[in-house]
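Chains, contacts and geometry: an overview
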Amino acid sequence: MFATYDELKAHVADWLHRGDLTEQIPTFIRMGEGWLNRKLRIRPMLVTEQKTVYANTSWLAAPSNAAWIQDIFLLENGAVYGDKLRPGSALNPALDNKGKPEYWEPGLSGAIFDCYADQNYTVDLEFGQKFNLAADSINWLLTNAPEAYLYSALMHASQYALDEPRLAAAAGQAQAIVAELNKTYAISNTDLVVTYAD
């Protein structure tokens, strides 16, 4: 089919049959990839990074490449301390509420904890890493489900090419592929996830 970003661009151009949209193809792919990053919740996207929850803060910023936060594990002496931090709801810690975080919930751009940290804490932050084909040229999704990129790009191109009936089916195809990937590569311990904008 196609294996690189450049081959994908050529394939989208072949489907469009519209020379006037050639310059917009990278935009269609980027928009489609953003949509895929928001909709997919699959194991191949999961990565873990060590982060610090700083003393006197009650939040942790998500990395810029995070599509969502999956889990947060508190570390002590380099090892996971007890269980993962548990998802909470409607957390709003008081300024005088300090201690070791036990609960977290999604915030606008990261995680909010149940208390202000009484010291610096190291955590393992498990999150879904966004696909970024323009930067990487090839990735797991393009290798294993190239049609996800194709149909999501065509779905966004259909807004520009309203007179092209072939593109009308692209959205349905893209949604079906996402549903299949989410089922096949499901994350088994989904408690709570928060999705971040592109």
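The structure we're discussing is the one just above.
Summary of the structure given here. (Residues numbered from 1 in each chain as written. Predicted model: local features only at pLDDT ≥ 70, side-chain atom pairs only at ≥ 80, totals over all residues. Heavy atoms only, no water.)

Okay, the overall build of the protein next. Helix and strand counts for the protein come out as six helices and eleven strands. Every one of the 198 residues in the protein was classed for burial, and the buried ones make up 43%. Within the protein, counting contacts between residues at least 6 apart in sequence, those at least 24 apart form 70% of the total. Summed over all atoms, the accessible surface of the protein reaches about 10200 Å², with 49% contributed by carbon and sulfur. (Helix = DSSP H or I, 4+ residues; strand = E, 2+ residues; numbered from the N terminus. Buried < 20%, exposed > 50% of the residue type's maximum accessible area, 1.4 Å probe, protein only. Contact = heavy atoms within 4.5 Å. Areas by Shrake-Rupley, 256 points an atom, 1.4 Å probe, with all protein chains shown as cover.)

Now for the pairing of strand 7 (residues 103-106). When strand 7 meets strand 8 (residues 110-113), the two strands line up antiparallel, connected through three bridges. Within strand 8, the residue paired with E105 across the bridge is I112. Adjacent in sequence and paired antiparallel, strand 7 and strand 8 are bridged by three residues. (Pairing = 2+ DSSP bridges.)

With that settled, consider the pattern of salt bridges. Under the counting rule described, the total for this entry stands at four salt bridges. Linking R18 and D20 is a salt bridge whose minimum nitrogen-to-oxygen distance equals 2.9 Å. For the salt bridge of E49 with K51, the shortest nitrogen-to-oxygen distance reads 3.1 Å. (Salt bridge = Lys/Arg side-chain N within 4 Å of Asp/Glu carboxyl O.)

Structurally, T57 can be placed in the loop between strand 1 (46-53) and strand 2 (59-61). Overall, T57 belongs to the buried group, its relative accessible area being 17%. Distance from T57 to Q119, taken between C-alpha atoms, is 9.1 Å for residues 62 residues apart in sequence. Residues contacting T57, with those up to four places away along its chain left out, are C115, Y116 and A117.

With that settled, consider the side chain of H156. Relative to the helices and strands, H156 resides in helix 5 (residues 146-157). Using a relative accessible area of 15% as the deciding quantity, one classes H156 as buried. At 2.9 Å, the side chain of H156 and the backbone oxygen of S152 are in polar contact. When sequence neighbours within four positions are dropped, the list of residues in contact with H156 reads F28, M31, G32 and W35. (Polar contact = N/O pair within 3.5 Å; in protein donor to acceptor, adjacent residues only side chain to side chain.)

A word on the environment of T27. By the secondary structure assignment, T27 is in helix 2 (residues 25-39). When its relative accessible area of 24% is taken as the criterion, T27 is described as partly exposed. Distance from T27 to A153, taken between C-alpha atoms, is 8.4 Å for residues 126 residues apart in sequence.

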